[in-house]
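Here is how the chains run, residue by residue.
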Amino acid sequence: GAVVSQHPSRVICKSGTSVKIECRSLDFQATTMFWYRQFPKKSLMLMATSNEGSKATYEQGVEKDKFLINHASLTLSTLTVTSAHPEDSSFYICSAPRPLSGSETQYFGPGTRLLVL
Amino acid sequence: QKEVEQNSGPLSVPEGAIASLNCTYSDRGSQSFFWYRQYSGKSPELIMFIYSNGDKEDGRFTAQLNKASQYVSLLIRDSQPSDSATYLCASNFGNEKLTFGTGTRLTIIP
């Protein structure tokens, strides 16, 4: 079964509004979670690392004031796309590492498809 | 800079044949290697992971790791049309973020 959930699975919003996406680890704690973005037919692009109890670490070129990340608890990280514009329309996916047979294995949530009109 | 290289494909394989997917990595410090399958419009799904040299088998899937040559491969036996997807290779060191390849698009031809 799923080990990481995301909500919502799909969202349509108007340009200029903010959208919050939740990522939850199910039945395990995750001090670190990762947020990715994927455009159609393109590779996964890591946006940021969400750290419980401290600030998120953003990848080069990702605006931290536009993509707000809050690791609220050991099972929840949120990504808020502020003042969304059509170019922010994409597939946003989170992942969380979970120990599996002695190795930290990342499990992905089902993703959130964002369409900004 | 840590890099993971994959042939983007597309790779076409007849149904029932063996599909072979390859990946090379640049960081000798990489410890664990992962293969994810991603269907169009869906998020990646873990297929296998490997961290020891040699082969690791799970059903129709076999992962192979050669640390000396810095490559990792995935073999899919008895390929099925449902195996058609993009396969992502990834590596990491400890609990660090994954470094992904660009993915190989695999098509199984009935």
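Trainee: It is not clear to me how the state of the cysteines should be interpreted in this structure. Could you clarify?
Mentor: Each disulfide consists of one covalent bond between the sulfur atoms belonging to two cysteines. What the rule picks out here adds up to two disulfides over all chains. Here Cys23 of chain A engages in a disulfide with Cys94 of chain A; their sulfurs sit 2.0 Å apart. Between Cys23 of chain A and Cys94 of chain A the sulfur-sulfur dihedral comes to about 80 degrees; the bridge is accordingly right-handed. With Cys23 of chain A in strand 3 (residues 19-25) and Cys94 of chain A in strand 9 (residues 90-100), this pair connects stretches of sequence that are 71 residues apart. Grouping residues by exposure puts Cys23 of chain A and Cys94 of chain A together as buried. Between the sulfur atoms of Cys23 of chain B and its disulfide partner Cys89 of chain B the distance amounts to 2.0 Å.

Trainee: Can you walk me through the pattern of salt bridges in this structure?
Mentor: If the charged atoms of two oppositely charged side chains come close together, the side chains can form a pair. This structure, assessed with the given rule, holds six salt bridges over all chains. One salt bridge connects Lys97 of chain B with Glu59 of chain A, and the closest N-O pair in it is separated by 2.8 Å. Of the two residues, Lys97 of chain B is situated in the loop between strand 9 (85-92) and strand 10 (99-100) and Glu59 of chain A in the loop between strand 6 (57-58) and strand 7 (67-73); the pairing between them involves two chains. Lys97 of chain B sits in the partly exposed class, given a relative accessible area of 37%.

Trainee: In this structure, what is going on with the sheet that holds strand 3 (residues 19-25) of chain B? I would like to understand it.
Mentor: The strands making up a sheet associate through hydrogen bonds between their backbones, and the pairing can be parallel or antiparallel. All names here are of chain B. The antiparallel open sheet is built from five strands, whose spatial order is 1-3-8-7-6. The sheet terminates laterally at strand 1 (4-6) and strand 6 (54-58), the two strands that pair on one side only. Within this sheet the neighbouring strands show an average axis-to-axis angle of 20 degrees, counted without direction. Sheet analysis places strand 3 next to strand 8 (residues 71-76), joined by six bridges and oriented antiparallel. Looking across to strand 8, one finds that Leu21 is bridged to Leu74.

Trainee: I'm lost on the packing of aromatic side chains in this one. Help?
Mentor: The description of two aromatic rings rests on the distance between their centres and on the angle between their planes. All chains considered together, the criterion is met by ten aromatic pairs over all chains. A centroid spacing of 6.5 Å and a plane angle of 40 degrees characterise the contact between Phe67 of chain A and Tyr92 of chain A, whose relative ring orientation is tilted. Linking Phe67 of chain A in strand 7 with Tyr92 of chain A in strand 9, this pair joins segments that are 25 residues apart in sequence. For Phe67 of chain A, a relative accessible area of 4% translates into the label buried. Ring plane angle 35 degrees and centroid distance 6.4 Å describe the contact between Phe34 of chain B and Tyr36 of chain B, whose orientation is recorded as tilted. Accessibility classification places Phe34 of chain B together with Tyr36 of chain B in one group, the buried group. Through successive ring pairs, a cluster of aromatic residues spans Tyr36 and Phe108 of chain A together with Phe34, Tyr36, Phe49, Tyr51 and Phe100 of chain B. Over the ring of Phe67 of chain A we find Lys66 of chain A, and its NZ or CZ is 6.0 Å from the ring centre.

About the thresholds
- Numbers given for residues are sequential positions, taken from 1 along each chain in its written order.
- Naming scheme: in the order in which they are written, chains are lettered from A and ligands are numbered from 1.
- Local features are withheld for residues below a pLDDT of 70 in this predicted model, meaning they are given only at 70 or higher, and side-chain atom pairs are given and counted only at 80 or more; totals for whole chains, interfaces and linings count all residues.
- The side-chain figures draw on all heavy atoms in the structure; neither hydrogens nor water molecules are used.
- Sulfur atoms of two cysteines make up a disulfide when they are within 2.5 Å.
- Numbered from the N terminus, helices here are DSSP runs of H or I no shorter than four residues, and strands are runs of E no shorter than two.
- Accessible area is worked out with a 1.4 Å probe on protein chains only. A residue is then buried under 20% of its type maximum, exposed over 50%, and partly exposed in between.
- Throughout this description, the term salt bridge denotes a Lys or Arg side-chain nitrogen within 4 Å of a carboxyl oxygen of Asp or Glu.
- Pairing between strands is defined by DSSP: at least two bridges between the two strands are required.
- Every axis corresponds to a line fitted to the C-alpha atoms, with the helix fit spanning only the stretch in contact, and the corresponding angles, defined between N-to-C directions, vary from 0 to 180 degrees.
- Stacked, tilted and edge-to-face are the three classes applied to pairs of Phe, Tyr and Trp rings, where Trp contributes its six-membered ring and a pair requires centres within 6.5 Å; stacked means planes under 30 degrees apart, edge-to-face means over 60, and tilted covers the rest.
- Two thresholds decide whether a charge sits over a ring: the Lys NZ or Arg CZ must be within 6 Å of the ring centre and within 35 degrees of the ring normal.

Scope: geometric values only; no functional claims are made or implied.
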